[in-house]
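# Residue-level structure breakdown
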Amino acid sequence: MLLNASGCLDALTAPDVARSLDAFVTKTVTPLPREGNAPARIAETDVGMLNAIGLANPGIDRFLTRNLPQLEKLGVPFWVSVGGFQTDDYADICSRLDDHAVVSAIELNVSCPNVEAPVESATQIVAAARLATRKPLWAKLSPAAPDVGEVAQAAQAAGVDGLSLINTLRGLKLDARTLRPALGPGQGGLSGPALKPIALAAVASCYRATGMPIVGMGGIQTGLDALEFIAAGAQHVALGTVLFADPDAPARIRMELHAAAAEHGWNSYDDAYAVAHEESLSLRTT
Ligand SMILES: Cc1cc2nc3c(=O)[nH]c(=O)nc-3n(C[C@H](O)[C@H](O)[C@H](O)COP(=O)(O)O)c2cc1C
């Protein structure tokens with residue numbers, strides 16, 4: 001499946017882009033509305049984009065009454081990304097989403113670098129969310145953990161159905177003239193091409209550690225990039241930063257992916273995925 005990365009596409013203002021995906025992933029929804037951070041919230045760097053949006057979102061009440069019916073009308077299956085500051089936040093939102101048949105899956109954002117409050121451990125969050133919903137649960141992990149494969153195993157043991165890899169990594173851009181941070185809050189999350197090698201390593205490590213379904217993302221700009229993620233162990237891929245520059249990226253990347261797989265003589269992406277199965281025992285982190 002081809003998805004968008006959470007926070008990188010507004011399906012309601014760009015419905016055709018959303019319809020060009022196999023499923024749409026919402027921006028992270030939190031218990032209460034959030035205004036987000038003071039501007040500037042986005043800055044370009046030589047190797048990708050820095051953002052410090054600060055999880056601006058309408059909050060779960062308004063999301064359910066206003067956004068959900070509009071998303072339903074789009075006719076695209078959608079996943080809801082869920083965030084919070086303590087375990088109960090995640091469990092509460094999951095139990096409220098559980099009643100809505102239209103929600104295909106829930107992605108637990110346990111990895112946003114732009115929120116200040118500490119979150120409890122990913123494992124606790126997954127375990128509580130698992131009790132709160134029967135919907136497919138995906139845990140979105142950060143590659144910043146010393147051993148992301150170990151975190152993935154813990155999430156698997158706590159009842160997650162799949163993994164989304166990776167979220168942004170913390171970065172800082174200084175304005176060349178003033179030498180002050182370019183972003184309002186100072187630091188932000190780095191996305192785009194710089195993430196790709198880090199994301200591929202995280203996908204390969206988590207695939208080896210768990211064998212679970214993975215949504216791979218981080219710097220995907222072409223079909224060949226997407227194929228690399230599949231060969232590393234991702235069953236699905238998601239497009240993030242590329243959508244800001246090229247809203248037609250889903251259709252283009254699908255075509256390029258098809259062509260790149262055909263060049264290898266692969267008739268389906270399952271053949272590419274098989275590379276991860278074959279290599280999974282021999283991939284090494286060093
Ligand atoms: C502007 C922006 C907003 C984002 N908001 C969210 C978010 O709300 N929740 C989330 O889990 N990830 C969020 N992300 C991270 C992306 O979903 C994705 O994990 C990351 O950007 C890596 O993919 P990319 O390099 O293709 O952009 C955001 C990224 C960007 C650039």
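Residues numbered from 1 in each chain as written. Predicted model: local features only at pLDDT ≥ 70, side-chain atom pairs only at ≥ 80, totals over all residues. Heavy atoms only, no water.

### Concerning the nonpolar core
Test applied: The definition of a nonpolar core used throughout is a set of buried Ala, Val, Leu, Ile, Met, Phe, Trp, Tyr and Cys residues joined through side-chain atoms within 4.5 Å. Exposed residues in this analysis have more than 50% of their type's maximum accessible area, buried residues have under 20%, and partly exposed residues fall in between, with area computed by a 1.4 Å probe over protein chains only. Pairs of residues are marked as contacts when any of their non-hydrogen atoms sit within 4.5 Å.
Ranked by internal contacts, the top residues of the largest apolar core, which has 73 residues, are F63, L97, L108, L163 and L165. Dropping the residues within four chain positions of it, L97 is found in contact with I60, F63, L64, V80, V82, V103, I106 and K135. One finds A5, A23, A105 and V215 within the second-largest nonpolar core, a separate group that totals 11 residues.

### Regarding helix α3 (residues 87-98)
As a reminder of what qualifies: Secondary structure elements follow DSSP: runs of H or I no shorter than four residues count as helices, runs of E no shorter than two count as strands, and numbering proceeds from the N terminus. The span you would expect from a helix comes to 1.5 Å times its residue count less one.
For α3, which comprises 12 residues, the first-to-last C-alpha distance of 17 Å matches the rise-based estimate of 16 Å (1.5 Å per residue) to within 8%. Within α3 the residues assigned to the buried category are T87, D89, Y90, A91, I93, C94, L97 and D98. Where the residues of α3 are buried, they touch α2 (60-74), β5 (78-82), β6 (103-109), α4 (122-132) and β7 (137-141).

### Details of the site of the ligand
For the record, the criterion: For each residue, the test is whether any non-hydrogen atom lies within 4 Å of the molecule or strand; if one does, the residue is near. Here a polar contact means two N or O atoms within 3.5 Å. Within protein one must be a hydrogen donor candidate and the other an acceptor candidate, and residues neighboring in sequence count only if both atoms are side-chain atoms. Only the protein chains shown count as covering a residue, and every accessible area follows the Shrake-Rupley method with a 1.4 Å probe. Within this scheme a cavity is a closed region of a 1 Å grid, computed over the protein atoms alone, that accommodates a 1.4 Å probe without allowing it to escape, whereas a pocket is open but has protein on both sides within 12 Å along at least five of seven lines; lining residues each have an atom within 4 Å of a point. Any molecule with more than half of its atoms within 2 Å of a cavity's or pocket's grid points is regarded as sitting in that cavity or pocket.
In the vicinity of the ligand there are 24 residues, among which T28, K140, G192, G219 and T241 approach most closely. Between an oxygen atom of the ligand and a main-chain N or O atom of G192, the distance comes to 2.8 Å. Taken by itself the ligand offers 600 Å² of open surface, and the protein chains cover 98% of this. Under a 2 Å grid-point criterion requiring more than half of the atoms, the pocket assigned to the ligand is the largest pocket.

### Quick look at the sheet that holds strand β9 (residues 169-171)
Test applied: Pairs of strands are assigned from DSSP output, requiring at least two bridges between the strands. Axis geometry follows a simple rule: fit a line to the C-alpha atoms, using only the stretch in contact for helices, then measure angles between N-to-C directions, giving values from 0 to 180 degrees.
Read from one edge of the open sheet, 4 strands run β3-β4-β10-β9, paired in antiparallel fashion. At either margin of the open sheet sits one strand with a lone partner, and together these are β3 (42-45) and β9. Recorded for the sheet is a direction-independent mean angle of 35 degrees between the axes of neighbouring strands.

### What to know about the environment of D147
Following the sequence through the fold, D147 ends up in the loop between β7 and α5 (148-157). Separated by 59 residues in the primary sequence, D147 and C206 have C-alpha atoms spaced 9.3 Å apart.

Treat this as a map of the structure, not an account of what it does.
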